Amino acid sequence: MDEQFTAQVLEDIKRLAVQVGRLQQARLGDTQLKIEKKSTGIDLVTEVDKLSEQMILAFLKERYPDHSVLSEESGLADKSSEYLWIVDPLDGTTNYAQGLPIFAISIALQYRGRTMLGVVYAPVVEQLFSATRGGGAFLNGQRLRVAQKESLRECVLATGFPYDIAEHPVNNLCYFSKFSMKCRAIRRLGAAAYDLACVAAGKFDGFWELNLSPWDVAAGMLLVEEAGGTITHFRADRRISIVAANAAINRQICETIAGIDGHAIG
Ligand code: IPD
Ligand code: CA
Ligand code: CA
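A quick note: this is a predicted structure, and the numbers were derived from the prediction, not measured.

1. Considering the packing of aromatic side chains
Now for step 1: Enumeration according to the criterion identifies 9 aromatic pairs in this entry.
Now for step 2: Relative to Y111, the ring of Y83 has its centre 4.7 Å away and its plane inclined at 40°; by these criteria the two rings are tilted. Of this pair, Y83 sits in strand β5 (residues 83-91) while Y111 sits in strand β6 (residues 104-111); the two residues are 28 residues apart in sequence, bridging distant segments of the chain.
Now for step 3: Judged by relative accessible area, Y83 falls into the buried class, the value being 19%.
Now for step 4: Members of the aromatic cluster, joined through ring pairs, are F5, Y64, Y83, W85 and Y111.

Here is the structure:
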């Protein structure tokens, strides 16, 4: 992807995310909001998830008609393109359905399997995170750098729990209790894309989570890497399971997980 194309696409997507964010904010706390259960029964989808996705897909179809798109609620629209958009129209649906203000839009573009560009927008706090491969990560135009802490003890970490927490034995509870005693604090915001963006911005010192989907992490992982952080994959048996932090903290998080799982990772 050449620089000029990347820059133009990034501006498009930033504008789109802000537009979609306006819709989400306008309906936040609406008592008439239509909410449905997804397969497991605790996983929800609201009409705003769907409307947001429609807006994003319509824009991508008009602007980039030949590109493939993978989006959470509609699945894969495969055009056999080298370009693949990965879209989470509303990350943090459980929060949104409760009227809580922590949620974000996440849009990433891959070229030949590599994420080249990512945008995460949290509308209520008007935080627009963006990154391009090799071009750095930014929050509202300010360059980002991951936190520089060296000891896990000093860290505030973020995590989340899979929707199948009650059915699957690898549900993060054992990691969570271990980290609770090893770091300063843990936060569970309920929006993985935003958690990763906050790691990129040094607002969280690290993040780990199991069983995520491509749309939860595609943009956020690029943000972390472009802010100088490291991503490590673990638990290949639980879809996308990652650790994100600066290299020193990433290592300490991985060692803690390895101590529980009984084998090295990373
Ligand atoms: C969820 C959030 C949550 C994470 C879940 C995700 P959704 O995404 O990112 O923090 O723990 O695993 O599925 O359903 O709100 O888009
Ligand atoms: Ca999500
Ligand atoms: Ca979602």
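2. Some thoughts on the environment of S71
Now for step 1: Counting through the fold element by element, S71 comes out in strand β3 (residues 68-71).
Now for step 2: On the basis of relative accessible area, S71 is assigned to the buried category, the value being 1%.
Now for step 3: Setting aside anything within four residues of it in sequence, one finds S71 in contact with E53, L57, V87 and W215.

3. Quick look at the sheet that holds strand β15 (residues 240-245)
Now for step 1: Reading across from one edge, β12-β11-β13-β15-β14 is the order of the 5 strands in this open sheet, with mixed pairing throughout. Bordering the open sheet on either side are β12 (185-187) and β14 (230-233), each of which pairs with just one other strand. If you compare each strand with its neighbour and ignore which way they point, the axes differ by 20° on average.
Now for step 2: Across 5 bridges, strand β13 (residues 206-212) lies against β15 in antiparallel orientation. When the sheet's bridge partners are listed, L212 is paired in β15 with I240.
Now for step 3: Its contacts with the sheet put helix α5 (residues 192-200) on β11 (156-158), β13 and β15, and the angle it makes with β13 is roughly 155°.
Now for step 4: Along the sheet, helix α7 (residues 247-261) contacts β11, β13, β14 and β15; its crossing angle with β15, the most-contacted strand, is approximately 140°.

The rules behind the values
Residues numbered from 1 in each chain as written. Chains lettered and ligands numbered in written order. Predicted model: local features only at pLDDT ≥ 70, side-chain atom pairs only at ≥ 80, totals over all residues. Heavy atoms only, no water. Phe/Tyr/Trp six-rings, centres within 6.5 Å; stacked < 30°, edge-to-face > 60°. Helix = DSSP H or I, 4+ residues; strand = E, 2+ residues; numbered from the N terminus. Buried < 20%, exposed > 50% of the residue type's maximum accessible area, 1.4 Å probe, protein only. Contact = heavy atoms within 4.5 Å. Pairing = 2+ DSSP bridges. Axes fitted to C-alpha atoms, helices over the stretch in contact; angles between N-to-C directions.

The values reported here are purely geometric and, on their own, carry no functional implication.
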